[in-house]
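Descriptive structure summary
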Amino acid sequence: MEPARILIVDDEPFNLDLLEQELEILGHTSVRAANGRAALDRLSEEPFDLVLLDVMMPALDGYAVLERMKAHEAWRHTPVVMISALMEIGSIVRCIELGAFDYLPKPFEPVILEARIRSCLERKRAHDREIAHLRTIERERKRADELLHAILPVSAVSELMETGQVKPRLFGDVAVLFVDLVGFTTWCHGQTPDVVVAEIQRLAEAFEVVAQARGLENIKTIGDAFMATANLLREHADPVTAAIRCAADMVAVAAAGEPGWRIRGGLHIGPVVGGIVGRTKFTFDLWGDTVNVAARLSGLGEGTALHLSHAAFLRLPDRRSVRPIGAVTLKGKGAVEVYRHTLRPGDPDPA
C-alpha cells in the first residue's frame, strides 16, 4: 500500500499518540488536530488522503466537522472514518448518513484499523484516478474544440459536434477572393526555411485579421496564396465591395514588411459548393466555377492589382476606379471579360 497523508482528530492526547504510532508502523504520515476547529484549519492548509475523526469533542464535535467536510467542494471526496467509544446504533447511522466511509469503535484493534485504512485509501485513489482521467478527457476535448474552430467555420463546428458530420451545401451569391504574392517563389530560393515560414505566418495572420475586419471569412492559405469569401457563412449586403476593400488592406499589409511585397488578386461572385473533407484531419473547402475563375484571375498581371470578373464588376455601386481590359482566356474557362482595379497601399476604402 502506498504511503498516505492522514489527518487524525481527537481531543485526547493519548489517543492521538496511539493513532500516530499505528500509522507510522503502517508507513503513513499523520498530522494531528486536537479538536474540530483545528481539524478544519488543517484541511484548509493542505490536502489529505484520509481523516480519522473522533465523534465526541468539545466546541465542535465530529458530527459537525463531518457535515462541513461533505458540504465543502474541495473536501467532500476525502474519506472519513469515525472513531468513537459510542457504539449506539443511532450514532453509527448518523455518521453514515452524514457521509462517513466507516465507523471504528474505541479501543480499536490495529488489524481492523489497518483494514479500514486500506479500504478507504483504495477508494480514494480510485476516485482520484477517475477525476484525473476525466480532466484529461476535458483537456483533450477543449483542445479538439480549439483545433476545430481554428480550421473550420463556427457553423460547421456546431453541426459536426451535433451530428458527427457536415453535409455539403450549395451557397449562392458568394464573393470569392484570391490573392497571392508576386515573386514569392523566386524570393524563397535565397532564404532559409525558417525565414520563409515566418514570413508566410506573418502575412497569413495579418490577412486573416484584415478579412475578419471587412466581414469576410478566411477559408485557407495555399502556399503563398490566400483565399477568403464574403456572404458565405455570414450574410453581407455588399460582398464585392467588401472583398475589394479587403484586398486593398492586404496590399498595405504586404507592402509594410520586408521585402515589401506586391500582391495580385482575383475576384468573382456566384454559387459555390462548400463542405468538409478528411476523416481525421478536417478541412473546410469550396468548389465550383466561381472558385476556379477567382483563382485564375489572381494569376493575371505582375503589378499590384485586383482583377474582377464581369459578374463582380456588375455588382459594384461605384465603377470609376475599375477599367475593362477586354476578353482574357482563362484555363478551363475560355474567354471572359475582365476588369482591373489598381490597388495602392493605404487607399481609403476603394470601391
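As a convention, each chain's residues are numbered from 1 in the sequence order in which they are written. Where totals are concerned, whole chains, interfaces and linings use all residues; where local detail is concerned, this predicted model gives features only for residues with pLDDT of at least 70, and gives and counts side-chain atom pairs only at 80 or more. Note that the side-chain values use all heavy atoms of the structure and ignore hydrogens as well as water.

**Concerning the overall build of the chain**
Check the secondary structure of the chain and you find 11 helices and 13 strands. Split into buried and exposed, the 351 residues of the chain put 44% on the buried side. Residue contacts are defined here by distance: any two heavy atoms, one from each residue, within 4.5 Å place the two residues in contact. Sequence-distant contacts in the chain: of pairs separated by 6 or more residues, those separated by 24 or more amount to 65%. Accessible surface is estimated by sampling points in the Shrake-Rupley manner with a 1.4 Å probe; for residues, cover comes only from the protein chains shown. Working note: accessible area of the chain is about 18300 Å², and carbon and sulfur atoms make up 54% of it. Counting from the N terminus, the helices are the DSSP runs of H or I reaching at least four residues and the strands are the DSSP runs of E reaching at least two. Whether a residue is buried, partly exposed or exposed follows from its accessible area with a 1.4 Å probe, protein chains only, as a fraction of its type maximum: under 20%, in between, or over 50%, in that order.

**Considering the UniProt feature "modified residue: 4-aspartylphosphate" (unreviewed entry) in the chain**
UniProt positions are given in the numbering used here, feature names are shortened, and annotations may be inferred rather than shown by experiment. Those residues carrying the UniProt feature "modified residue: 4-aspartylphosphate" (unreviewed entry) are D54 in this numbering. Looking at the secondary structure, you find D54 in strand β3 (residues 50-54). Dropping the residues within four chain positions of it, D54 is found in contact with V9, D10, D11, G62, M82, I83, S84 and K106.

**Observations regarding the pairing of strand β1 (residues 5-9)**
The two faces of the sheet receive side chains in turn, since in a regular strand these alternate between them. With 4 of 5 residues buried, β1 is to be regarded as a mostly interior element. For two strands to pair, DSSP has to find at least two bridges joining them. Direction of pairing for β1 relative to strand β2 (residues 29-33): parallel, over a ladder of 5 bridges. Within β2, the position partnered with L7 by the bridge is V31. Running through helix α1 (residues 13-25), the crossover from β1 to the neighbouring parallel element β2 is right-handed. Relative to β3, β1 is paired through 4 bridges, and the arrangement is parallel. Among the inter-strand pairings, L7 is bridged to a residue of β3, identified as V51. When the strands point away from the viewer, a crossover counts as right-handed if the route from the first strand across the helix to the second turns clockwise.

**Things to note about a nonpolar patch on the surface**
Any residue with relative accessible area above 30% and no salt bridge may belong to a patch, with like charges joined within 9 Å and the nonpolar Val, Leu, Ile, Met, Phe, Trp and Tyr side chains within 5 Å. The term salt bridge refers to a pairing of a side-chain nitrogen on Lys or Arg with a carboxyl oxygen on Asp or Glu at a separation within 4 Å. Taken together, the side chains of L170, V273, V277 and W287 define a hydrophobic patch exposed on the protein surface, amounting to about 360 Å² of accessible area. In this structure, L170 sits in strand β6 (residues 169-181).

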